[in-house]
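# Examination of the molecular architecture
So the chains spell out like this:
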Amino acid sequence: MGQTGARSAELRSALDGIRNIRNLTNLGSDPGARPAEWEQRRLLRTVSLLLEAEGLPPSAVDRAGEAARTGYRTSEGGQAGQVQVRWVGPRGSGARYQEQEQLQRCQAVLRSWGFETVEVRGPGGRRYLEVEAGLG
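Residues numbered from 1 in each chain as written. Predicted model: local features only at pLDDT ≥ 70, side-chain atom pairs only at ≥ 80, totals over all residues. Heavy atoms only, no water.

### Some thoughts on the nonpolar core
Counting residues in hydrophobic clusters, the biggest one holds 23 residues, and the most contacted among them are V47, L51, V85, L110, F115 and V131. For this core, the secondary-structure elements that each account for two or more residues are α1 (5–25), α3 (43–53), β4 (83–88), α4 (95–112) and β6 (127–133). Sequence-distant contacts of V85, that is, excluding residues within four places in its chain, are made with V47, L51, Y72, R73, T74, L103, C106, L110, Y128, L129 and V131. (Core = buried A, V, L, I, M, F, W, Y, C linked by side-chain atoms within 4.5 Å. Buried < 20%, exposed > 50% of the residue type's maximum accessible area, 1.4 Å probe, protein only. Helix = DSSP H or I, 4+ residues; strand = E, 2+ residues; numbered from the N terminus. Contact = heavy atoms within 4.5 Å.)

### Focus: the pairing of β6
Most of β6 sits inside the fold, with five of its seven residues counted as buried. Note that β4 and β6 share three bridges and pair antiparallel. Note that in β6 the partner of V85 across the bridge is L129. As paired strands, strand β5 (residues 115–121) and β6 are joined by seven bridges and run antiparallel to one another. Paired with E119 across the bridge in β6 is L129. (Pairing = 2+ DSSP bridges.)

### Comments concerning the packing of aromatic side chains
Evaluation of the coordinates by the stated rule reveals zero aromatic pairs. Just above the ring of Y128 sits the side chain of R86; from NZ or CZ to the centre is 4.2 Å. (Phe/Tyr/Trp six-rings, centres within 6.5 Å; stacked < 30°, edge-to-face > 60°. Lys NZ or Arg CZ within 6 Å of the ring centre and 35° of its normal.)

### Some details on the environment of V109
With respect to the secondary-structure elements, V109 resides in helix α4. The spacing of V109 and L50 is 59 residues in sequence and 7.5 Å in space, taken between C-alpha atoms. Setting aside residues up to four positions removed in sequence, V109 forms contacts with L50, L51, E54 and L56.

### Quick notes on the sheet that holds β4
Read across the sheet, four strands follow the order β3-β4-β6-β5 without closing on themselves; strand pairing throughout is antiparallel. Edge positions in the sheet fall to β3 (71–76) and β5, since each of these pairs with one other strand and no more. Looking at each pair of strands side by side, their axes are set apart by 25° on average, direction ignored. Note: β3 against β4, six bridges, orientation antiparallel. Along β4, the bridge assignment pairs E76 with V83. The sheet strands contacting α3 are β3, β4, β5 and β6, and the helix crosses β3 at an angle near 170°. (Axes fitted to C-alpha atoms, helices over the stretch in contact; angles between N-to-C directions.)

### With respect to α1
Compared with an ideal rise of 1.5 Å per residue, which puts 21 residues at 30 Å, α1 spans 30 Å between its outermost C-alpha atoms and is within 8% of the ideal. Of the positions making up α1, those classed as buried are S8, L11, L15, I18 and R22. Along α1, the residues classed as buried sweep out an arc of 80° about the axis, all on the same side. Facing away from the buried side of α1, by more than 90 degrees, are the exposed residues G5, A6 and L24. (Expected span 1.5 Å × (residues − 1). Arc of directions from axis to C-beta.)

### A look at the pattern of salt bridges
For side chains bearing opposite charge, pairing can occur when the charged atoms are close. Tallying each qualifying case throughout the model produces seven salt bridges. The partner of R7 in a salt bridge is E52, with the nearest N and O atoms 2.7 Å apart. Here E52 lies in helix α3 and R7 lies in helix α1, a separation of 45 residues in the sequence. For R7, a relative accessible area of 30% translates into the label partly exposed. Judged by its relative accessible area of 14%, E52 falls in the buried class. (Salt bridge = Lys/Arg side-chain N within 4 Å of Asp/Glu carboxyl O.)

See the structure below:
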């Protein structure tokens with residue numbers, strides 16, 4: 001499922017907004033290299049936005065709360081200031097076999113925006129990322 005033209009425009013506008021906020025609020029020689037305080041207060045939303053804007057599909061759930069579409073899923077992390085990113089999909093979708101490669105893509109996107117990411121193995125050996133704002 002691709003992005004609509006309207007959604008693509010919204011995402012481009014949001015990325016421009018993030019860049020502008022960084023340039024206006026971060027100090028130093030490269031203010032765009034690290035998350036701004038504004039992003040840190042909205043970490044879950046920012047991480048989700050960056051992943052979608054870079055072409056990674058968000059997962060979707062059905063009415064029963066089960067995965068209905070393969071993609072990334074973000075949630076609050078185990079600690080304050082942390083987000084978890086998982087690669088999930090409906091039963092039989094093969095998402096488990098895609099997760100290492102797809103999480104590496106997620107990791108590359110987030111690191112390019114100045115976030116710190118660590119790949120973790122959870123219950124059943126499933127991988128996920130722990131994401132925090134970089135210290136700059």
